[in-house]
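Okay, here's what each chain looks like letter by letter:
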Amino acid sequence: MEKLEKEIKELSSIYDKESMDTFISLYFDGKDKKFISGRERACEAVLEGEELENFEKTMQEIKKFLERNKKMAIFASHKYDYFKVIELPKIKNMLVVDSSPYIRPLVESIESYKSFFLLLLNYNHAKIFSISANRLKEEKKLSAHIMNKHKKGGWSQPRFQRLRKESIHAFFVKVLEELKKFHGEIIIGGPGQAKHDFMAILPKSLQKKIVGMIDVDIDDIKDLLEESMDIIAEENRKGKEKLLEHLKGEILKDGLATYGINSTIEAAKNGQIEILFVEKGYKLRGWICEKCQVVEAGIKNECPYCHGKTSEVDVIEEIIEFAERTDALVNFIEEMKKFGHVAALLRYK
């Protein structure tokens, strides 16, 4: 996820001050090539002159690359000799021509790249998996020989139980030391009592990272990813609810928060935003002056402030780009109408 965040920040800082149709952003699932040819014809029908020439040459470079590779997001401009490819687990087909790379789908995908870890264990075995981009990957496997039955003629029952308990504790400590190496929230799974006994030895700092438990056999991983993703989705929902409550509180006390299109644009441009909230799927037609970076809703052919050339944009995309340039976090929320579709927690006023 850290690599993707760096790539998004790089893309957010790129824009052409002179032309409105310089960069092609292609999100392609590797299946529907008719979609590409259809969007290509549509763009060629409305572009002309240098912008059309740049589009055609950029598309040639993209299609050559697509012959060797399939599922990807591509950001390219022949004019600036720029070509970046990013692999995504889920891609909705989209081709956008604009003065800057279109990054909103990338920012939305960050949530699915958030890393979680899954620990599966019983009293003899443990497996640590990473979960990222809807994929389960085994990171570590541990085991110990723990005696399960007390044989007659051997140790006394109390001594046997004490030695077994000590062996289990030693094994759990070994698992704990491995788990400390992984940074992120954790789901614990396993059969019966073992996972609860393991929880009892965790330090408080690690207990805070536990977001859920799954009762499952250690070798039964068939439905494990789906169950884990449900827990992760619920954890994300709770986290967003908590942030929204904080936002409401700051607005009520006239604190470090703002909402609505115009005030959020200004805060984003000034680098004031700590956390940006955007209504999922909401778009707003507007314009930007690439020269003085003024963004407003509506349509204007000339910037009323510097008389520079304007480009038609999605205002929400521009707010996201401003936020990404200043390392703000972006959260996509299902319903934000009462906040004017966008809002933000601020670093300062």
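Residues numbered from 1 in each chain as written. Predicted model: local features only at pLDDT ≥ 70, side-chain atom pairs only at ≥ 80, totals over all residues. Heavy atoms only, no water.

## Quick look at the nonpolar core
- Membership of the largest hydrophobic core comes to 44 residues, with the highest contact counts inside it found for Leu 106 and Leu 276.
- Sorting elements by how many residues they give to this core places helix α10 (residues 315-325) first, with six residues.
- Counting residues in each nonpolar core, the second largest holds 23 residues, with Leu 121, Ile 146, Ile 168 and Ile 210 among its members. (Core = buried A, V, L, I, M, F, W, Y, C linked by side-chain atoms within 4.5 Å. Buried < 20%, exposed > 50% of the residue type's maximum accessible area, 1.4 Å probe, protein only. Helix = DSSP H or I, 4+ residues; strand = E, 2+ residues; numbered from the N terminus.)

## Topic: the side chain of Lys 240
- Topologically, Lys 240 is positioned in helix α8 (residues 224-252).
- On the accessibility criterion, Lys 240 (13% relative accessible area) is buried.
- Not counting residues within four places of it along the chain, the set of residues in contact with Lys 240 comprises Glu 111, Asn 331, Phe 332 and Ile 333. (Contact = heavy atoms within 4.5 Å.)

## Regarding the state of the cysteines
- By the definition in use, this model includes zero disulfides.
- The thiol of Cys 289 is unpaired, and the distance to the nearest cysteine sulfur, on Cys 306, comes to 3.4 Å.
- Looking at the unpaired Cys 303, the closest cysteine sulfur is the one in Cys 292, lying at 3.6 Å. (Disulfide = S-S within 2.5 Å.)

## Some points on unusual backbone geometry
- One non-glycine residue, Asp 254, lies in the positive phi region at around 55 degrees.
- By secondary structure assignment, the location of Asp 254 is in the loop between α8 and β10 (257-259).
- Located in the positive-phi region is His 341, a residue other than glycine, with phi close to 75 degrees.
- Looking at where His 341 falls in the secondary structure, it is placed in the loop between β15 (329-333) and β16 (342-346).
- The exposure class assigned to His 341 is buried, which follows from its relative accessible area of 17%.

## Topic: the sheet that holds β10
- The strand order across the open sheet formed by four strands is β10-β16-β11-β15, and the pairing between neighbours is mixed. Looking at the sheet topology across the chains shown, the edges are occupied by β10 and β15. Sheet twist, expressed as the mean angle between neighbouring strand axes with direction ignored, is 15 degrees.
- With five bridges connecting them, strand β11 (residues 273-279) and β15 associate as parallel partners. Each residue of the ladder has a partner; that of Leu 276, found in β15, is Val 330. (Pairing = 2+ DSSP bridges. Axes fitted to C-alpha atoms, helices over the stretch in contact; angles between N-to-C directions.)

These figures come from the coordinates and say nothing about function on their own.
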